[in-house]
There are 2 protein chains.
Amino acid sequence: MRTEWIGKRLNDRVRTQMAYAKKGVITEEMSYVAAVEGLDSELIRSEVARGRMIIPANINHKRLKPMAIGLAARCKINANIGASALLGDPASEAQKACVSLKYGADTIMDLSVCRNADDVREAVIGVSDAPIGTVPMYQIVQDAKNQDPLNVSIDDILRAVEKQAKQGVSYFTIHAGFLRRLLPLVAKRKMGVVSRGGSLIGAWMSEHKAENPFFTAYDDILEICRAYDASLSLGDSLRPGCLADASDEAQLEELKILGDLTLRAWEKEVQVMIEGPGHIPLNQIEYNMKIERRYCHDAPFYVLGPLVTDIGAGYDHISSAIGATLAGMHGAAMLCYVTPKEHLGLPNANDVREGIIAYKIAAHSADVARGRKGARDRDDLMSEARFNFDWNRQFELALDSERAKEYHDETLPNDSFKSAEFCSMCGPKFCAYKISKSLSEKHERD
Amino acid sequence: MRTEWIGKRLNDRVRTQMAYAKKGVITEEMSYVAAVEGLDSELIRSEVARGRMIIPANINHKRLKPMAIGLAARCKINANIGASALLGDPASEAQKACVSLKYGADTIMDLSVCRNADDVREAVIGVSDAPIGTVPMYQIVQDAKNQDPLNVSIDDILRAVEKQAKQGVSYFTIHAGFLRRLLPLVAKRKMGVVSRGGSLIGAWMSEHKAENPFFTAYDDILEICRAYDASLSLGDSLRPGCLADASDEAQLEELKILGDLTLRAWEKEVQVMIEGPGHIPLNQIEYNMKIERRYCHDAPFYVLGPLVTDIGAGYDHISSAIGATLAGMHGAAMLCYVTPKEHLGLPNANDVREGIIAYKIAAHSADVARGRKGARDRDDLMSEARFNFDWNRQFELALDSERAKEYHDETLPNDSFKSAEFCSMCGPKFCAYKISKSLSEKHERD
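In this text, all values refer to a predicted model and were calculated from it rather than measured experimentally. (Residues numbered from 1 in each chain as written. Chains lettered and ligands numbered in written order. Predicted model: local features only at pLDDT ≥ 70, side-chain atom pairs only at ≥ 80, totals over all residues. Heavy atoms only, no water.)

With that settled, the discussion passes to the packing of aromatic side chains. Scanning the model with the defined rule gives twelve aromatic pairs over all chains in all. Both rings, one in Tyr 171 of chain B and one in Tyr 302 of chain B, keep their centres 6.2 Å apart while their planes meet at 90°; by these two values the pair is edge-to-face. Separated by 131 residues along the polypeptide, Tyr 171 of chain B in strand S6 (residues 171-174) and Tyr 302 of chain B in strand S9 (residues 301-304) bring together distant segments of the chain. Per residue, the accessibility class of Tyr 171 of chain B equals that of Tyr 302 of chain B, and both read buried. Each residue in the set Phe 387, Phe 389 and Tyr 433 of chain A is aromatic and connected to the rest through ring pairs, giving one cluster. For the cation-ring pair, Arg 264 of chain A lies above Phe 215 of chain A, with the distance from its terminal atom to the ring centre recorded as 5.6 Å. (Phe/Tyr/Trp six-rings, centres within 6.5 Å; stacked < 30°, edge-to-face > 60°. Helix = DSSP H or I, 4+ residues; strand = E, 2+ residues; numbered from the N terminus. Buried < 20%, exposed > 50% of the residue type's maximum accessible area, 1.4 Å probe, protein only. Lys NZ or Arg CZ within 6 Å of the ring centre and 35° of its normal.)

In structure tokens form, the structure reads like this:
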């Protein structure tokens, strides 16, 4: 369908959703998103024009089903996949992409740092109807002499960004806000720079004694984004990597710069979201959501977790889903999942599943807490099915139907028990629902 | 040790911690708790006297290591175990108790509803140095003719409570606040009564057209509590079983009654905590914590989750840990865990482990968010170990050391990699910590 939509716009010089929105045009992508979200298409247009919502939809990702990231839309989740030098290949990453989509990822980032990253990316884009994001710096350093970030030039950067844009990448994380003047602030921290892209940029600036090359090349990058309608995800190089570094000067100074870069992108009609932390104690999350809106002019906030403790290794999908839910309630537009392997190793397909479901819970619960229209409908249907012992309907409504059925059936001895009006928790005599139902029936009789 | 402590108090008529606290006596239990919590023992005494903190420590649980539940103390977690009619026996439940203690449960509730519940309880108390809680009504109905709650008398109730008190149970959940006049409110709900004990009481009141027998027998129950220093956990029969029923009239009316019962218990120097929901949208959690303090005179709040969505079946340890963390931040004193099997079946030992760790994360993160003294120390040590690639120290500091090591090692090909200064996520060339460390070293040189 998108081929047709874009075909009609062939002669337009700038083909970003924001450019159309500013001209008052409701694109097919906006109408599609409006239908999915149950919102008015004019609202979508005005939010995109204002920069409060983005539709990351590279014109070369033909299979893409458009989706929106912004406070007016449902809270979204992103799944990070990608091969490392030690593990993964195009097939394994395409499989992770499929798992991500099956369990409900709204976007997927391919963060491969491996020799054949081009092939991985192609495979991932090929199987996905969700927007794909990347961090171009990974490929750039991978391709550099000795894989040394110091051998990277601005030309290398622009070439790589253009290549990936042509491939159909819908959003780029670039670490353009980590300016040289912030380096001394990093030295004060417990954990320095924990963003992979940010650390590479830091090393580059530090060795070359020169300004961040993504900042220097920012206008040229915007031109590429204009041509393909690639969105920018302004990376938080200085996101805190532990509670001790949360909401510190380094983090907040970079956030201000991301706000300036947002305005520059909007001038060029390029869509922007802002990346956020990381590791944040629960009591600082609301503040972090508010300060982003202030510094970054309401550009959508795309947060990683945040983790609310540092000691959950092996369970950081949980420690981060806690922070993510509160972040979503206070206005984060997209939640980047964290898997149980975080801080320990590269996730496999099962870790991806665990991470996704934790974040589906987070995003959905945030939507419920914000009181979005219809957000609680599925919960209400589930509660009805539960009270009526309709097990199949419960499995259907669960975020992970297979898991729910597996757990239910696991503890019951035979098939007649599997559809019974009780489960192995209470058995036939002690089921509260059953007793309670007879209670209400009695109440109605009396 | 407790045998000696209690030996000295043999001649006292009332041996509850609250009775001593009110007389100005700092018991050995209070001193023990003060040392564990890093608080002044006079503060513990005054909190116990005021009813804002309880030390559930039945004089017959000799192995007990005293612990405190209250806002001034660290946030605690409880693990529910117990056999059902379909699954479990004394050995399996004792094993779950051991798993609970190993991973850090602060109290354990034995919720058995099975033929040999006495034996299960004895086995569980026998292996545990943490306080054990029960819901006496389960045993009472189990022992009643035809296992029919309608055949339960007040004498049965008092006999069972006394028997369990003698066995060493440190707190009893009794559903004394579900008064007959609340029955019409239940009929208005989507899910009625989802508390097992509550539904039994509802059935009893409804059939007998008489007031809640636990309410009627309340003074006699208090006398038993006085004699053994069993604490009361005033059950919320009308906790919401789904988001749709959250914070409704039924829930709040019962909570007010629990407040009245609290004052009556305090008059008799019996320690009390209040049980809370359940299923609550994230945006109503702070309100729920505040209203409990108001209605129940600051008695410690002991909440089940709450779950912030109804559609997480198979992952309800996560959907509830999210609510529990926010509840802890806003003042809940103890969090009752939920396992991945919630709504689906009886948890096994592995489900217990998953539930406990999710709740250790919740309680710890709540302590950090409340800014408790020293709460973040372990996080800071973890962050240092992480930045220094001290993997063994990281495993040591993780809430589940075995899991952390297993996940780390799983993705690495050989032993030399297992202690390397990178993991399989980024490999040797792209580790942000490594690059960041060279950055700070450079900064110090420059």
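Residues Ile 221, Leu 232 and Leu 335 of chain A together with Leu 232 and Leu 335 of chain B are the most contacted members of the largest nonpolar core, which totals 311 residues. Beyond its immediate stretch of four places on either side in the chain, Leu 335 of chain A contacts Cys 75, Lys 76, Ile 77, Asn 78, Tyr 302, Val 303, Ala 324, Gly 328, Tyr 359, Ala 362 and Ala 363 of chain A. (Core = buried A, V, L, I, M, F, W, Y, C linked by side-chain atoms within 4.5 Å. Contact = heavy atoms within 4.5 Å.)

A few words on helix H16 (residues 349-369) of chain B. Residues and elements named next belong to chain B. For H16, with 21 residues, the first-to-last C-alpha span of 30 Å sits near the 30 Å given by 1.5 Å per residue. For H16, the tally of buried residues reaches 19 of 21 residues, placing the bulk of the element in the interior. Within two residues after H16, Gly 371 carries a phi angle of roughly 70°, on the positive side. (Expected span 1.5 Å × (residues − 1).)

How big an interface is tends to be reported as the loss of accessible area on association of its parts. Of the residues lining the interface, 108 residues belong to chain A; the matching set on chain B comes to 108 residues. Taken together, the two surfaces of chain A and chain B that pack against each other cover about 9100 Å², and 69% of this comes from carbon and sulfur. Looking only at chain A, the three residues that lose the most surface to chain B are Ile 311, Tyr 315 and Phe 430 of chain A, adding up to 10% of its buried area. On inspection of chain A and its partner chain B, the count reaches four salt bridges. (Buried area = accessible area lost by both parts, 1.4 Å probe. Salt bridge = Lys/Arg side-chain N within 4 Å of Asp/Glu carboxyl O.)

Below, the discussion takes up the pattern of salt bridges. Residue and element names in this part refer to chain B. Counting across every chain of the model gives 73 salt bridges over all chains. Residues Lys 256 and Glu 253 are paired through a salt bridge, measuring 3.0 Å at the closest nitrogen-oxygen approach. Residue Lys 256 and its partner Glu 253 are both found in helix H13 (residues 249-267); the two are separated by three residues, about one turn of the helix. Given a relative accessible area of 35%, Lys 256 falls into the partly exposed group.

To continue, consider the relation of the copies chain A and chain B. Expressed as a screw transformation, the operator carrying chain A onto chain B has a rotation angle of 180° and an axial translation of 0.0 Å, and the superposed copies differ by an RMSD of 0.0 Å. Within this description, the copies of the chain are treated as partners about a two-fold rotation axis. Closest to the rotation axis within chain A is the C-alpha of Ile 322 of chain A, separated from it by 2.3 Å. When the interface residues of chain A are mapped onto chain B, 100% of them again lie at the interface, so the same face is used by both copies. (Least-squares fit on C-alpha atoms with pLDDT ≥ 70 in both.)

Below, the discussion takes up the domain arrangement of chain A. All names here are of chain A. As assigned here, chain A comprises domain 1 (74-369) and domain 2 (377-445). Distance between the C-alpha centres of domain 1 and domain 2: 41 Å. The partner domain 2 presents five residues to the ten residues of domain 1 that form the contact. The contact between domain 1 and domain 2 buries some 650 Å² in all, and 44% of this surface belongs to carbon and sulfur atoms. (Domains from an automatic or database assignment.)

Okay, unusual backbone geometry next. All names here are of chain B. Each neighbour pair has its own omega, and for Pro 277 with Gly 278 the value is 15°, a cis peptide bond. Along the polypeptide, Gly 278 turns up in the loop between strand S8 (272-276) and helix H14 (285-295). For the bond from Gly 305 to Pro 306, the omega torsion is 0°, close enough to zero to count as cis. Within the fold, Pro 306 resides in the loop between S9 and helix H15 (316-329). Here Asp 298, not a glycine, exhibits a phi torsion of approximately 70°, which is positive. Here Asp 298 shows up in the loop between H14 and S9.

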